[in-house]
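Listed here are the chains, written in short residue letters.
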Amino acid sequence: MPGEHFVVAPGWAWYILLYFFFAGISGGAFVIGTMLRLWGSPTDAAASRLAFIISFPLLLVCPILLTLDLGQPARFWHMLVDVGSGAPAFKAYSPMSLGVWGLTLFGLFSFVMFLGAVGEGGYLRWRVLAGAGRVMGSAVGKAFMVIGAIFGFFVAAYTGVLLAVSNQPVWSDTWTLGGLFLASGLSGAAACILLLSRQRREASVTDGKLMEADRYFIILELVLIALFLITVGGVISKVLGGGWILLWLVVLIGTLVPLIAEFRPTLVRQLPPVVVPALVLVGVLALRAVIIFSAQA
Amino acid sequence: MAQPVGFFTDVTLCIGCKACEVACKEWNALPNNPLEFRGSYDNTGQLDHANWRHVRFIEQPTKNPDKPIAWSMMSDVCKHCANASCLEVCPTDAIVRTEFDTVFIQQDVCNGCRDCIAACPYGVIGFNSTSGTAQKCTFCYDRLQNNLKPACATACPTQSIKFGPLDEIRQTAATRLATLHQQGMSEARIYGDKEYGGLHAFFLLTDKPETYSLPSTESAVLPSRNNIPGYLGAAVTAVVAAVAGLIAFRRRGETQP
């Protein structure tokens, strides 16, 4: 029942915040790369490659952050191997256990697609990479991408479910966090690709589509923020009270400015083009920060 | 042969002497608490990695001007739930159920992820930054293995903390409750019969559970209740996002080169 908690906070702080942020962007970028490849035109291939090239390095940071957050970092492997039996340690109803396995498997897909994108783009002229690049356009390559995208969705979303599967105030009072982190991760990933596509002319032809997608993801995110605030019920003052309202303001700026840029372009015409995606990314970080920190305060 | 054991803590008998806290700290070699004034005789504060027993001093205002404050004391401890939230979420299986049906954190397996702390509805588990692990009451597992009573129950001078085989101790609690009801203490109740499948450390209370910082029976819910709604919400979001992607990224009259 919402509003009645006698718990102690787990003390999840900056490492977890950054992990949630990078996992959201990495998973989201892979999903966007896949959607561009499946449904986009041939000219969108460069932006798709960029998405896959972003996804893997951001994912690499995640296990490092997770390990640093542990009280016993050298025992990270206990998440994967049962110390007693030597069998895989897997608990389907523990999101942390499921998440570690999801992250590991997604890492495989992300790594392969990273190599494929590097090969296809000709960034490294190794024969094996060129072969991987050619596979990307095949039916096998697309099937591989789709399976990887399912893991991408999972990695971007499960962090919210991880918070919800607890008895902490706010987190456990709502079912919206998985969806909210996913929508925000996709929005952040689109913004990240937009920021980097400005350095690559062949990728920037997709900017219009990415901005349109980002607007849809932001609208989805705003709907889920509204549902989040409704569902937390009695503990709403915990997330909105005190100084937390300032972080919500950052979230609002990061979500509303891209919408204003589309529907009232004259209001933001003076802004340099990098500002809007940068605000989106700051908003994605602020959303996670306010949800993680306010519940534990 | 080992059998399920339990603590029955009767708050009507607790005098707040804290002998249980001292015995627990001594047997388990737990560190002292820093000396600080908390505005109350309760200078332990809360259960955590260094306090596995905590005598709560509950101060409530009365209408009697000569005695403006009424005290109630309760020796709190890990509840060793039959359906334990901590055990449910632990990703490394460091938290196990022992042969005595108690809940135990294996210190050599725990990697300090703190998911159990987020899950425990009673705020029992603490993080020890020195060992880098989560810690809580072990039910004196080492003493149980040697046919000894837990240190706290051994030290309690008023028999407020009773220990024994779970079935017997539940019967003791039922008898005590009936006696109190006969004496006119109608507000007396047992906490821990129904919550989390039955607690191995249960209480006789004289007020509603929330007064003792215990969630009510309706609020005593497992973290896993949010698994299906959480993943379902994420799956619906994923489908909507995929449709949004299809609309935004679709080809618009472009032809294949």
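Now for a look at the structure at hand.

Rules of the game
- Residues numbered from 1 in each chain as written.
- Chains lettered and ligands numbered in written order.
- Predicted model: local features only at pLDDT ≥ 70, side-chain atom pairs only at ≥ 80, totals over all residues.
- Heavy atoms only, no water.
- Phe/Tyr/Trp six-rings, centres within 6.5 Å; stacked < 30°, edge-to-face > 60°.
- Helix = DSSP H or I, 4+ residues; strand = E, 2+ residues; numbered from the N terminus.
- Buried < 20%, exposed > 50% of the residue type's maximum accessible area, 1.4 Å probe, protein only.
- Core = buried A, V, L, I, M, F, W, Y, C linked by side-chain atoms within 4.5 Å.
- Pairing = 2+ DSSP bridges.
- Axes fitted to C-alpha atoms, helices over the stretch in contact; angles between N-to-C directions.
- Contact = heavy atoms within 4.5 Å.
- Salt bridge = Lys/Arg side-chain N within 4 Å of Asp/Glu carboxyl O.

## Observations concerning the packing of aromatic side chains
Inference 1: Taken as a whole and assessed by the stated rule, the structure comprises 25 aromatic pairs over all chains.
Inference 2: Measuring from centroid to centroid gives 5.1 Å for phenylalanine 56 of chain A and phenylalanine 111 of chain A, while their planes differ by 50°, and the two rings are tilted. Taken together, the positions of phenylalanine 56 of chain A in helix α2 (residues 45-69) and phenylalanine 111 of chain A in helix α3 (residues 95-121) put the pair 55 residues apart, joining distant regions of the chain.
Inference 3: Classification of phenylalanine 56 of chain A by relative accessible area gives buried; the value is 13%.
Inference 4: Residue class for phenylalanine 111 of chain A comes out partly exposed when judged on its relative accessible area of 37%.
Inference 5: Seen from their ring centres, phenylalanine 104 of chain B and tyrosine 141 of chain B are 5.0 Å apart, and the 50° between their planes marks the pair as tilted.

## Describing the nonpolar core
General note: in soluble globular proteins, nonpolar side chains tend to be found buried as a group.
Inference 1: By size, the foremost hydrophobic cluster in this structure holds 96 residues, and its most contacted members are Tyr19, Ile32, Leu163, Leu180, Phe228 and Ile291 of chain A.
Inference 2: It is helix α1 (residues 14-39) of chain A that contributes the most residues to this core, 14 residues altogether.
Inference 3: Val103, Ile117, Tyr122 and Tyr196 of chain B belong to the second largest nonpolar core, which has 62 residues in total.

## Some thoughts on the sheet that holds strand β8 (residues 161-165) of chain B
Within a sheet, adjacent strands bond to each other through the backbone by hydrogen bonds, running parallel or antiparallel.
All names here are of chain B.
Inference 1: The strand order across the open sheet formed by four strands is β8-β1-β10-β9, and the pairing between neighbours is mixed. In this open sheet, the two strands that pair with only one neighbour each are β8 and β9 (189-191). Between one strand and the next, the sheet's axes are offset by a mean angle of 25°, whatever the strand orientation.
Inference 2: Relative to β8, strand β1 (residues 5-10) is paired through five bridges, and the arrangement is antiparallel. Paired with glycine 6 across the two strands is glycine 164, which belongs to β8.
Inference 3: Sheet strands in contact with helix α6 (residues 166-182) are β1, β8, β9 and β10 (201-205), and its direction is about 135° off that of β8.

## Here's the deal with the environment of asparagine 227 of chain B
Inference 1: With respect to the secondary-structure elements, asparagine 227 of chain B resides in helix α7 (residues 227-249).
Inference 2: Once you skip the residues sitting within four places of it in the chain, asparagine 227 of chain B turns out to touch Tyr93, Pro95, Val161 and Val165 of chain A.

## Considering the pattern of salt bridges
Residues and elements named next belong to chain A.
Inference 1: As enumerated under the stated definition, the model contains twelve salt bridges over all chains in all.
Inference 2: Two residues, aspartate 44 and lysine 209, come together in a salt bridge whose shortest N-O distance is 2.6 Å. Of this pair, aspartate 44 sits in the loop between α1 and α2 while lysine 209 sits in helix α8 (residues 207-231), placing them 165 residues apart in sequence.
Inference 3: For aspartate 44, a relative accessible area of 2% corresponds to the buried category.
Inference 4: Close ionic contact of arginine 215 with glutamate 262 constitutes a salt bridge, the shortest N to O distance being 3.1 Å. Taken together, the residues span a long stretch of sequence, with arginine 215 in helix α8 and glutamate 262 in helix α10 (residues 244-263) at a distance of 47 residues.
Inference 5: Owing to a relative accessible area of 36%, glutamate 262 belongs among the partly exposed residues under this scheme.
Inference 6: Shared partners join several salt bridges into a network, and the residues in it are Arg37, Arg49 and Glu120.

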